[in-house]
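Examining the three-dimensional arrangement
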Amino acid sequence: MKRVKSTMLLSLAAVLTLGTAACSSGNSGGSQAGAKDAAGNTGSEAKKEVTLDYVWFTDGIEGEVMKAITADYQKENPHVKINLIEVPFKDLGTKLKTMISGGKPPALTRITDTGLFANQALDLTPYVGSADSFTSQYIDSIKPYYVVDNKIIAAPMDVTANGIIYNKTLFDKAGVKVPTSKDNIWTWDEFNASLKQVMEKGGAKSGLVWDFTPHRWSTMLYQFGGSMISADGKKAAINSPEGVQALEYFVKLHKDGIIPPSVWLGSENPNNLFRSGTVAVHWAGNWMLSNYKDIDTFEWGVTYMPKQKIRSSVPGGKYVMAFKGSGVEKETAEFIKYLSSKEVNARFNKESLFISPRKDNAKLEYAFGKEMFEVFADELANTTPLAANDWSRQDIVPKFSTDLRSHIVEAISGKATAQDALDKTAKLIDKAIGEQGK
């Protein structure tokens, strides 16, 4: 009896031991057979927990929008923690350089000047598909910003455009109708004549105020058929006949009193001038729509920019870029795919009052300014790729852009001809191009 009893006890102990082993097997990895992770995945489906450092700067309300989007992503993907590292825009470049040089690049960042970190960027092509299939989702004019050597170095999140905001009260008083369709856009001479009429009959003190930046001026350069750099990126093109004609016309607008000298030859703020209600048109960026929301002393709106040889705006915007060597490249690419999807991108831009770069998000149900945003989006859809080809070259542009602005001022003030002013700029561009790779 004792032998039988001992045998039974040993057998029971063995069963208990096996059961305990089965329950504890793989516990350290959290992915044992039959166990579930927080997302409900079982066995080998359970995913390793990762943290994505996301370097971010905020211009307005879009920071809160992004926080809500990342929170939703984390609920859907509980193995991913997104660490939003907020920095002022002026410190962004320094922050990224420090992290990269220290051997600890972030998983991703929000960025405007994609060219500055093109060599450190993770090629997203293996994760999002071919460059052609990915880029086909976005407006054509921004492609040079995020595709380099057929590699996708970033994903577009929002875009900016230059355009015109007009004082509807003054135009109505003068009896001047603005274009209501892209099929009846003004030529530059027609636009000029309309501005004169608003000054003469509508009481506008100035016809047009224009932001004091070479970026905004370059809109006219592209409309006249010019560019700053040749299409192949090998030489300056700004002093072409088309470029000279564009600057001569800009000088003429000043000489004729259409543009007040107080902005480009002084220090007056064009935003304040437009707010005063005495200016017919502000040549500005789409971000001014939310800035002007509070104007209640006159009616204002948006219409199409004039054209010369072609229609064109100048695209800018923000992108999300992943970095090589973060150790979480796959998870970062998955998150970027989520951010750039039609639905999430629409939410980000609609709630932030931005323009979406996606072709299928050209018309969003904004809480404010829906029709105005659509005009700016149409300007971008009809923009020459040469504009992005120029402004995406952030290894080149900072070396001459301040001088370009100074040379434009010289032409306006009569200290140089348009040809001489742009010839000087062309020499600086050629020098900057020649220094590449040295």
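Structure shown above.
Summarised in this report is the structure supplied together with it. (Residues numbered from 1 in each chain as written. Predicted model: local features only at pLDDT ≥ 70, side-chain atom pairs only at ≥ 80, totals over all residues. Heavy atoms only, no water.)

**Observations regarding the sheet that holds strand 1 (residues 50-56)**
Taken in spatial order, the five strands of this open sheet run 2-1-3-11-6, and their pairing is mixed. This sheet does not close on itself; its edge strands, each paired only once, are strand 2 (80-86) and strand 6 (155-160). Across this sheet, the average inter-strand angle for adjacent strands is 15°, counted without regard to direction. Bridge count between strand 3 (residues 108-111) and strand 11 (residues 316-322): four bridges; the pairing is antiparallel. Residue pairing across strands places Arg 110 opposite Val 320, the latter belonging to strand 11. (Pairing = 2+ DSSP bridges. Helix = DSSP H or I, 4+ residues; strand = E, 2+ residues; numbered from the N terminus. Axes fitted to C-alpha atoms, helices over the stretch in contact; angles between N-to-C directions.)

**Observations concerning helix 15 (residues 342-352)**
Residues of helix 15 that are buried include every one of Val 344, Asn 345, Ala 346, Phe 348, Asn 349 and Ser 352, and no others. Looking at the packing, one finds that the buried side of helix 15 touches strand 1, helix 2 (62-76), strand 3, strand 6 and helix 14 (329-339). Of the residues flanking the end of helix 15, it is Leu 353, one or two places downstream, whose phi is positive at about 60°. (Buried < 20%, exposed > 50% of the residue type's maximum accessible area, 1.4 Å probe, protein only. Contact = heavy atoms within 4.5 Å.)

**Focus on the pairing of strand 7 (residues 162-167)**
Extensive coverage of strand 7 is indicated by the burial of six of its six residues. A two-sided burial pattern is seen for strand 7, the buried positions comprising Asn 162, Ile 164 and Tyr 166 on one face and Gly 163, Ile 165 and Asn 167 on the other. Bridge analysis of strand 7 against strand 9 (residues 279-285) gives five bridges, and the strand direction is antiparallel. Across the sheet, the residue bridging to Gly 163 is Ala 284, located in strand 9. Examined bridge by bridge, strand 7 and strand 10 (residues 300-303) share four bridges and lie antiparallel to one another. Of the residues in strand 10, the one forming a bridge with Asn 167 is Trp 300.

**Considering the environment of Val 128**
You can see Val 128 is positioned in helix 4 (residues 125-128). Sequence-wise, Val 128 and Ala 155 are 27 residues apart; in three dimensions their C-alpha atoms are separated by 9.9 Å.

**Regarding the packing of aromatic side chains**
Applying the stated rule across the entire model yields 29 aromatic pairs. Ring centres 4.9 Å apart and planes at 70° place the aromatic pair Trp 210 and Phe 250 in the edge-to-face group. Pair noted here: Trp 210 is in strand 8 (residues 206-210) and Phe 250 is in helix 10 (residues 241-255), with a separation of 40 residues, a long-range link. Every member of this aromatic cluster is reached through a ring pair, and the members are Trp 186, Trp 188, Phe 191, Trp 210, Phe 212, Phe 224, Tyr 249, Phe 250, Trp 264 and Trp 283. The lysine or arginine in question, Arg 110, covers the ring of Trp 56, its NZ or CZ lying 4.5 Å from the ring centre. Directly above the ring of Phe 354 sits Lys 318, whose terminal nitrogen or CZ lies 5.4 Å from the centroid. (Phe/Tyr/Trp six-rings, centres within 6.5 Å; stacked < 30°, edge-to-face > 60°. Lys NZ or Arg CZ within 6 Å of the ring centre and 35° of its normal.)

**Quick look at the pattern of salt bridges**
Within the structure shown, the criterion is met by 21 salt bridges. Of the charged contacts, one joins Arg 347 and Asp 72 as a salt bridge, the two residues approaching to 2.7 Å between their closest N and O atoms. Here Asp 72 lies in helix 2 and Arg 347 lies in helix 15, a separation of 275 residues in the sequence. The salt bridge involving Arg 110 is made with Asp 158; its shortest N-O contact spans 3.8 Å. Here the residue Arg 110 occupies a position in strand 3, and Asp 158 occupies one in strand 6, the gap between them amounting to 48 residues. A relative accessible area of 2% places Arg 110 in the buried class. In this structure Asp 158 comes out as buried when scored by relative accessible area, which is 0%. Each of the salt bridges in this network shares a partner with another, and the network as a whole consists of Lys 182, Arg 311, Asp 378 and Glu 379. (Salt bridge = Lys/Arg side-chain N within 4 Å of Asp/Glu carboxyl O.)

**Observations regarding the packing of helix 2 against helix 15**
With their axes 9 Å apart at the nearest point, helix 2 and helix 15 run at an angle of 150° to one another. By the angle between their directions, the pair helix 2 and helix 15 is classed as roughly antiparallel. For the crossing formed where helix 2 meets helix 15, the hand is right-handed. Mapping the contact onto sequence places Glu 62, Val 65, Met 66, Ala 68, Ile 69 and Asp 72 in helix 2 and Val 344, Arg 347, Phe 348, Glu 351 and Ser 352 in helix 15. Classifying every residue of the contact of helix 2 with helix 15 gives six nonpolar, one polar and four charged. (Parallel < 35°, antiparallel > 145°, perpendicular 65-115°, else oblique. Left-handed = near helix turned anticlockwise from the far one by under 90°. Nonpolar A, V, L, I, M, F, W, Y, C, P; charged D, E, K, R; others polar.)

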